[in-house]
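Coordinate analysis (summary)
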Amino acid sequence: MSRVSYFRAALLGAAASLTASAALAEPTQVAEIIVSANKVPTAQERVGSSVSVIDSAEIERRQQVQALDLLKRVPGVSISRNGGLGSTSTVRLRGSESGMVKVLIDGVEVNDASGANNEFDFNSLLTGDIEKIEVLKGPQSALYGNDAMGGVINVITRRGEGETKIRGTLEGGAYGSFRQLASLTGGTQQVDYALSAANLHTDGFSRTFAGNEKDGTDARSVSGRLGVKASDILRFDLNAAWSWLDTEFDPFGADGASAQEKESWQVRGAGTLSLLDGTFENVLAASYATTDRDFDEPTGFYRFSTFDSRRKALDYQGNLRLREADIASIGLSVDEEDGKTTNTVGTSTSTGLDDSVTTKSAFVQYQAAITSDLTLTLGGRVDDHEQFGTEGTWRATGAYQVPATGTVLRASYGTANKAPTLYQLYDPFYGNKNLVAEDGKGADIGFDQKLLDGRVGFGASLFRNSYTNMIGFSNGYINVARARTKGVELTFEANPVETVLIQANYTYLDAKDRITGRDLPRRPQDTVNASIDWTIVEGIDLGAALRYVGKQRDTASATSPILDSYTTVDFTARWAVLDNVSLFGRVENLFDEDYQEVRTYRAPGRSAFGGVTVTF
């Protein structure tokens, strides 16, 4: 029996036997609210899609600087990073391409419209202002349209509430790193506000094994949110963010003085009007996002190159609450993406890509509470792409909470498509205007179970996705590739005593190129994450986190080298010296594991950091 067949049998057997095995446990209400799965706040036990949540408590425990280092611990997520902090950093969901993952920050799409694959580079996304991250897995084009074939990563920043609070953090450590954070939050019933700023410097280390020249990074960010309740039925929200990154890198595995400067802006304004005694919610929003990347490569063929991305969006969503818990949603949107690139050879600068495309979309969705325990959701979307005309996608999900045990059974199926990127279509050297959209479909089933009054929880998901008309490269871009991914995700969490939290997850991923039969590159077959956090006494917390990543191919080539498996362990500590002062520290890669996420590029060795947080 194959490993996937074994896990399928184990999953179905476990789900079937839970009624008996959990009969001694009282049903536990799941309090988590999920926004991204249905584009409306939904209790987790009513969500049929597979969603992982990184909450504020987890962000605080792990003490990570980059969002990427939080995401890599989510089941189904695989990452690759060309060196240390600030280097090119990509995320794949359940074996998808990185350009198939739509990334939202406070409702604004931030995928890079000037990039070859439309992917979002996580190299400049810091954690200082993040409240929560939702990772929605599987094809999501029925709600989110283009770029959501593999899933959606929804980043939600901190929102103000209560009395005004000022918080500051200073941190220093390995590789000459120094980080400063400051935030201001607060709110009343009528107004809420949040403002955050961060600054980071690291001397870094040589990202390539070809030499010892250090590749440093400077990063800064500012973000803010403002909400105003104008009346009982009208609310306005405004959020804006700016980030800047200046990072050195080693081109193509060689040691050299090359640098990238990246600047990003996002802004979104929304008005929410509630009618019919609050049962009909109407949201109208406009957003604008820019990403400018400038590369300086003294030894490269292109001395300078620039990539400029612009995204504009206007969207409306109406949510009508029917019966007791049914929600009918309708959405309309107009999205425009612009991309421009330039290249400099010697003293001559030429324009490469300089085009834009507009997509008009409409979606409908009905979330039906068939009973108090069974929720079914069905939705569909039509996208009218300026280049390709009309494409349709749909999605169906179901969630059932077994009354006797609290077991949540869930399943989903959806279709997806992804239009070729501006670069793939219009680049003067490699573009192909005859490309067609990539297609995908995927399904998953799973369960979640709580035992012992919620002190123990575990779950499993079985998934399968297929992609056709995938765009490959052969002296230019062509529709040639096909792929299939399937696997299993297992999760476990326990509070054996009030002061101890144990968490673990395992992902088995089988990702195949259906043309060559080879494994897709940079997608490990086995990934394990585990952590334990312990409050020794009130105000003193210790934690340890382990990560195992199995062997994986580095490239799609038949002669690609295999990257070795590796295991890293991180250690964290926090001491609340006073009510408003805490000291913290962490050691990353405690046992100094030597490993590579991308061949010829180094990963950080043992690294210690420490700091202080003060709240007023």
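Here, the structure is the one placed above.
The structure reproduced in this document is the subject of the present report. (Residues numbered from 1 in each chain as written. Predicted model: local features only at pLDDT ≥ 70, side-chain atom pairs only at ≥ 80, totals over all residues. Heavy atoms only, no water.)

1. Here's the deal with the sheet that holds strand β6 (residues 101–105)
- Spatial ordering of the open sheet is given by β3-β8-β9-β6-β7, a layout of 5 strands whose pairing is mixed. Pairing within the sheet leaves two strands with one partner each, and these edge strands are β3 (50–54) and β7 (108–109).
- The pairing of β6 with β7 spans 2 bridges and is classified as antiparallel. The residue bridging Ile105 from the neighbouring strand is Val108, located in β7. (Pairing = 2+ DSSP bridges. Helix = DSSP H or I, 4+ residues; strand = E, 2+ residues; numbered from the N terminus.)

2. Topic: the environment of Val74
- Counting through the fold element by element, Val74 comes out in the loop between α3 (68–71) and β4 (77–81).
- Residue classification places Val74 among the buried positions, given a relative accessible area of 6%.
- For the pair formed by Val74 and Leu376, sequence separation is 302 residues and the distance between their alpha carbons is 26 Å.
- With sequence-adjacent residues up to four places away left out, Val74 is seen in contact with Ser52, Ile54, Val135 and Lys137. (Buried < 20%, exposed > 50% of the residue type's maximum accessible area, 1.4 Å probe, protein only. Contact = heavy atoms within 4.5 Å.)

3. Details of the pattern of salt bridges
- Scanning all chains against the criterion turns up 39 salt bridges.
- When the shortest N-O distance is used, the salt bridge between Glu32 and Lys132 registers 3.3 Å. Placement of Glu32 in the loop between α1 (3–21) and β1 (33–34) and of Lys132 in strand β8 (residues 130–137) is noted, with a sequence separation of 100 residues between them.
- Under the relative-accessibility criterion, Lys132 is labelled buried at 14%.
- Asp519 serves as the salt-bridge partner of Lys512, at 2.7 Å between the closest nitrogen and oxygen.
- For Lys512, a relative accessible area of 25% gives the class partly exposed.
- Classification of Asp519 as partly exposed rests on a relative accessible area of 36%. (Salt bridge = Lys/Arg side-chain N within 4 Å of Asp/Glu carboxyl O.)

4. Focus on the packing of aromatic side chains
- Here the structure, examined in full by the defined rule, presents 13 aromatic pairs.
- Ring centres of Trp394 and Tyr413 lie 5.4 Å apart, and the angle between their planes is 45 degrees; on these two criteria the pair is classed as tilted. Here Trp394, found in strand β21 (residues 389–401), pairs with Tyr413, found in strand β22 (residues 408–418); they are 19 residues apart in sequence, far enough to count as distant.
- Through a chain of ring-to-ring contacts, three or more aromatic side chains come together here, namely Tyr423, Phe429, Tyr430, Phe473 and Tyr477.
- In this arrangement the basic side chain of Lys39 is found over the ring face of Tyr144, its NZ or CZ atom lying 4.9 Å from the centre. (Phe/Tyr/Trp six-rings, centres within 6.5 Å; stacked < 30°, edge-to-face > 60°. Lys NZ or Arg CZ within 6 Å of the ring centre and 35° of its normal.)

5. What about unusual backbone geometry?
- The backbone of Lys39 shows a phi angle near 65 degrees, a positive value even though the residue is not glycine.
- By the secondary structure assignment, Lys39 is in the loop between β1 and β2 (42–43).
- We note that Thr600 has phi near 75 degrees; this positive angle belongs to a residue other than glycine.
- Among the secondary structure elements, Thr600 is positioned in the loop between β32 (581–588) and β33 (607–615).

6. Overview of the environment of Thr499
- Mapped onto the elements of the fold, Thr499 is located in the loop between β25 (477–494) and β26 (500–513).
- Taking the C-alpha atoms as reference, Thr499 lies 25 Å from Pro75; in sequence the two are 424 residues apart.
- Excluding residues that lie within four positions of it along the chain, Thr499 makes contacts with Asp533, Trp534 and Thr535.

7. Here we look at a positive patch on the surface
- A contiguous patch of positive charge, built from Lys441, Arg464, Arg482 and Arg514, is present on the exposed surface.
- Inspection of the secondary structure puts Arg514 in the loop between β26 and β27 (526–537). (Patch = residues over 30% accessible without salt bridge, like charges linked within 9 Å, V, L, I, M, F, W, Y side chains within 5 Å. Areas by Shrake-Rupley, 256 points an atom, 1.4 Å probe, with all protein chains shown as cover. Lys, Arg positive; Asp, Glu negative; His and termini not counted. Charge placed at Lys NZ, Arg CZ, Asp CG, Glu CD.)

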